[in-house]
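One letter stands for each residue in the lines below.
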Amino acid sequence: MNKRPFLIDCDTGTDDAIAILAALYSPQIDVKAITSVNGNVAERYTSQNNLNLVEYLGKSVPVAHGAVRPLLGGVLDTEGAPDTHGKTGLGGIQLPTAQRSFDPRVADQLIYETAVECKGELELLVVGPMTNIAIALCNHGDLAGLIKHIWFMGGACQGGNVLPTAEFNIWADALAGHIVTQSGIPMTMVGLDVTLKAVMTEEDIAQLRGVGTKACTLAADLLDFMVRRRDAGGEDLVMHDALALGAALCPECLTCVDAFVDVEYSGTYTMGHTFSDAGRRYPAGKPNASVALDIDVPMFRKWLVETISRSKAEE
Ligand code: RIB
Ligand code: CA
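Here's a quick rundown of the structure. Since this is a predicted model, take the numbers as computed values, not measurements. (Residues numbered from 1 in each chain as written. Chains lettered and ligands numbered in written order. Predicted model: local features only at pLDDT ≥ 70, side-chain atom pairs only at ≥ 80, totals over all residues. Heavy atoms only, no water.)

1. Considering the packing of helix H1 (residues 14-25) against helix H12 (residues 297-309)
Two elements in contact, H1 and H12, have axes whose closest approach is 8 Å; the angle formed by their N-to-C orientations is 60°. It follows from the interaxial angle that H1 and H12 lie oblique. Crossing hand, H1 versus H12: left-handed. Seen from H1, the contacting residues are Ile-18, Leu-21, Ala-22 and Tyr-25; seen from H12, they are Leu-304, Thr-307 and Ile-308. Tallied by class, the residues present in the contact of H1 with H12 amount to six nonpolar, one polar and no charged. (Axes fitted to C-alpha atoms, helices over the stretch in contact; angles between N-to-C directions. Helix = DSSP H or I, 4+ residues; strand = E, 2+ residues; numbered from the N terminus. Parallel < 35°, antiparallel > 145°, perpendicular 65-115°, else oblique. Left-handed = near helix turned anticlockwise from the far one by under 90°. Contact = heavy atoms within 4.5 Å. Nonpolar A, V, L, I, M, F, W, Y, C, P; charged D, E, K, R; others polar.)

What follows is the structure in structure tokens.
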């Protein structure tokens, strides 16, 4: 079976790292590159996390630096969410510092050249602020026609997690969110409506730890950090980013509807709001996205544990 070519753009963070683990061991896809962006923590940490992760796992995936600040949004290089992901983004887990170098290209160039190389078959997993994607679209007029699909974790039809009506990835660079959602590229929005339900359990951790591979042990360690975070009153073991990958590789895990989506990039109280007419009761425009509204949680958890557990075949 031909593997689907993917590029992952992320602000690695704990849940990004779990999504990358699943992507690297999925039999369905070929991870062509990983690009880093400022978000959960500063880009100097997100990029180093990505490089350390792929080297730790013995994978030869190119990793590139990316945007250190948004086009127009809420998070600067020194902010982010260290309380949610730890100061350097991996929950205090210290991977060996990679010996290899970063890809010499910055994110937008690597995204473009990978898209050209894949001749229109490249799919993007976008699980951080969309800055790199927006820059790539602005710098390369033909890029939109070269991307087969964008699977993004971001936004929400209802609610938010940084403002009552804004989710972090989109809020962190609202203008980038607008540029990408209006690009005409086929896309699937995996927002808080479903990701907040994608919660792993201690049983899942035990199952991963029982496999005993580096990937499964690292996933278990990341989830154990999330247990401590939850028990201290923080976020639960929420697989925001892995669920965006799940939308692509386990579509039966989600129920999606076509809708018009855009991002508010101005406004005192609405910066970063993802507007969606999901349900189409009040159609606001031609549908430009598939929006996930419901999730089969047991099916998703089983898919995620089984996918990372495929690392056993490589060790
Ligand atoms: O709002 C959740 C999103 O923000 C996730 O992608 C998480 O990693 C953070 O980037
Ligand atoms: Ca993320």
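From this point, things continue past the structure.
2. Remarks on the nonpolar core
Within the largest apolar cluster, 70 residues are counted, with the highest numbers of intra-cluster contacts made by Met-239, Phe-300, Leu-304 and Ile-308. The element contributing the most residues to this core is helix H10 (residues 214-231), with ten residues. For Met-239, the residues in contact, after removing those within four places along its chain, are Ile-18, Ala-198, Met-200, Leu-223, Met-226, Phe-300 and Leu-304. Counting 39 residues, the second-largest nonpolar core is a separate cluster that includes Leu-143, Ile-147, Trp-171 and Ala-176. (Core = buried A, V, L, I, M, F, W, Y, C linked by side-chain atoms within 4.5 Å. Buried < 20%, exposed > 50% of the residue type's maximum accessible area, 1.4 Å probe, protein only.)

3. Regarding helix H4 (residues 107-117)
Within H4, the full set of buried residues consists of Ala-107, Asp-108, Leu-110, Ile-111, Tyr-112, Thr-114 and Ala-115. Among the structural elements, strand S1 (4-10), strand S2 (29-36), strand S3 (63-64), strand S4 (122-126), helix H5 (131-139) and strand S5 (147-153) are those in contact with the buried residues of H4. Phi for Lys-119, located one or two positions after H4, is positive at around 50°.

4. Section: the packing of aromatic side chains
Inspection of the entire model under this criterion finds three aromatic pairs. Considering the side-chain rings of Phe-260 and Phe-275, the 6.3 Å spacing of their centres and the 55° angle between planes classify their relative orientation as tilted. With Phe-260 in the loop between strand S7 (254-259) and strand S8 (261-263) and Phe-275 in strand S9 (residues 274-276), this pair connects stretches of sequence that are 15 residues apart. Positioned above the aromatic ring of Tyr-56 is the side chain of Lys-214, whose terminal nitrogen or guanidinium carbon lies 4.3 Å from the ring centre. (Phe/Tyr/Trp six-rings, centres within 6.5 Å; stacked < 30°, edge-to-face > 60°. Lys NZ or Arg CZ within 6 Å of the ring centre and 35° of its normal.)

5. Regarding the state of the cysteines
Following the criterion strictly, the structure yields one disulfide and no others. Cys-10 carries a free sulfur, and the closest cysteine sulfur to it, the one in Cys-118, is 17 Å from it. (Disulfide = S-S within 2.5 Å.)

6. Topic: the coordination of the calcium ion (ligand 2)
Within the protein, Asp-11 (OD), Asp-16 (OD), Asp-16 (OD), Val-127 (O) and Asp-241 (OD) serve as the donor atoms for the calcium ion (ligand 2), at 2.2 to 2.7 Å. Mapping the donors of the calcium ion (ligand 2) onto the primary sequence gives the spacing D-x4-D-x110-V-x113-D. Of this pair, Asp-11 sits in the loop between S1 and H1 while Val-127 sits in the loop between S4 and H5, and the two are 116 residues apart along the sequence. Assigned by exposure class, Asp-11 and Val-127 land together as buried. (Donors = N, O, S within 2.8 Å, 3.2 Å for Na, K, Ca; no water.)

7. Considerations on a nonpolar patch on the surface
Nonpolar side chains collect at one region of the surface, where Leu-71, Leu-72 and Tyr-265 lie side by side and expose about 240 Å² of accessible area between them. Its location among the elements puts Tyr-265 in the loop between S8 and S9. (Patch = residues over 30% accessible without salt bridge, like charges linked within 9 Å, V, L, I, M, F, W, Y side chains within 5 Å. Areas by Shrake-Rupley, 256 points an atom, 1.4 Å probe, with all protein chains shown as cover. Salt bridge = Lys/Arg side-chain N within 4 Å of Asp/Glu carboxyl O.)

8. Concerning the sheet that holds S4
Spatially, the eight strands line up as an open sheet ordered S3-S2-S1-S4-S5-S6-S10-S7, and their pairing is mixed. On the outer flanks of this sheet lie S3 and S7, each paired with one strand and no other. In this structure, S1 lies alongside S4, joined through four bridges in parallel fashion. By the bridge assignment, Leu-7 is partnered in S4 with Leu-124. (Pairing = 2+ DSSP bridges.)

9. Here's the deal with the site of ligand 1
Taken together, 13 residues surround ligand 1, and among them Asp-15, Asn-161, Glu-167, Asn-169 and Asp-241 come closest. Contact between ligand 1 and Asp-16: an oxygen atom at 2.9 Å from a side-chain N or O atom of the residue. In the environment of ligand 1, an oxygen atom lies 3.0 Å from a nitrogen or oxygen atom belonging to the backbone of Val-127. Of all the elements in the fold, those that place two or more residues in the shell around ligand 1 are H1, helix H6 (168-172) and helix H11 (240-249). (Near = heavy atom within 4 Å. Polar contact = N/O pair within 3.5 Å; in protein donor to acceptor, adjacent residues only side chain to side chain.)

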